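# Structural features, examined
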Amino acid sequence: MEESILNLVIIGSGPAGCTAAIYACRAGLKPYLVTGEDEGGQLVITPEIGNWPGESNDPSGFELMQKQQEHAKKAGTVFLSDQVVKTDLKPKIKTLELASGRILKCKAVIIATGAKARYLGVPGENQYKGCGVSACATCDGFFFRGKDVAVIGGGSAAFIEALYLAKLCRHVFLVHRRKEFRAEHTLIKAFDEQVKAGKAEYLLDAEVKSIEGDGNKVTQIELAFPNETKKLEISGIFVAIGHDPATAFLDEALARDDDGYVVTGSKSETATSCDGVFAAGDCCDRIYRQAITSAGQGCKAALDAERFLAKL
């Protein structure tokens, strides 16, 4: 299906995409927003948001993203529940091909596709994905109520997963390949309380070697320590070792770094290597990776797009 030429298409429906949409609407740009496969982005699987300004009641990520999407729709954003699978971004008129077969043509694009969960790549992991191996405690934690589970990672995301699971599971092992953590102090302190209560345990200087099961579900995990290898009997493994930018669908004309992050800053903070294409959020930010910074970048991308379109 061939569309008329739009002013602006936003790819992604997380904090960056929704904020960009709100600002674009206020500028009269009549934006279209393609939600992507995971509508609402990574934030929808976060059980509590304790650092969003003005939301002191710790809403869930799902609740927060619902509010943002409703705001963007009320402002006038056209939401398309679809996924961009192919792009042609270098020409003056950009072309986006959607999974449904629909074709969008537009003058400007904001890429706000976020990132995808990274897995370990160890034997047994792929076999037991969805059968004991998960990257989302809020999605799958219920299935492990009263059981022993392991969380892999040492950043804030790992601690958030572990704390959530500690409310459901019999025992939570936090497995980290180092002794130092990159997590927020408040999260570490909260997990320490779970350790004192006998609900949780640290396994440090430990590397996951393999995941084993009975053919239907996970039964144990093999861990390598500096001087020994151990097998730990558990029912679930939650991998929280970071994310990779969701940018594989972008054409080669758009500059990305070696890890796939969109390179920005050519003419403005959110401008990319292609004129009229801007990026915001975790698809281009490897440093801050916070919902609030993604929203701020979404605002900047919309303002940059507005200025670009005004010059045409």
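In this text, all values refer to a predicted model and were calculated from it rather than measured experimentally.

## Remarks on the side chain of Ser13
Tracing the backbone shows Ser13 in the loop between strand E1 (2-11) and helix H1 (15-26). Relative accessible area serves as the criterion here: at 2%, Ser13 is assigned to the buried category. A polar atom in the side chain of Ser13 sits 2.9 Å from the backbone oxygen of Thr35. A polar contact is formed between the side chain of Ser13 and the backbone nitrogen of Gly40, at a distance of 2.9 Å. With near-sequence residues (within four places) excluded, Ser13 lies in contact with Cys18, Leu33, Thr35, Asp38, Glu39, Gly40, Gly41, Met65, Gln69 and Ala112.

## Re the sheet that holds strand E15 (residues 236-239)
The sheet built from five strands is open, its strands ordered E8-E15-E9-E10-E11 with parallel pairing. Edge positions in the open sheet fall to strand E8 (133-134) and strand E11 (200-204), since each of these has one partner strand only. Pairing of strand E9 (residues 148-152) with strand E10 (residues 171-176), which is carried by five bridges, proceeds in the parallel orientation. By the bridge assignment, Val151 is partnered in E10 with Leu174. Of the strands in this sheet, E10 and E11 touch helix H5 (residues 185-196), which is tilted by about 115° from E11.

What counts and what doesn't
Residues numbered from 1 in each chain as written. Predicted model: local features only at pLDDT ≥ 70, side-chain atom pairs only at ≥ 80, totals over all residues. Heavy atoms only, no water. Helix = DSSP H or I, 4+ residues; strand = E, 2+ residues; numbered from the N terminus. Buried < 20%, exposed > 50% of the residue type's maximum accessible area, 1.4 Å probe, protein only. Polar contact = N/O pair within 3.5 Å; in protein donor to acceptor, adjacent residues only side chain to side chain. Contact = heavy atoms within 4.5 Å. Pairing = 2+ DSSP bridges. Axes fitted to C-alpha atoms, helices over the stretch in contact; angles between N-to-C directions.

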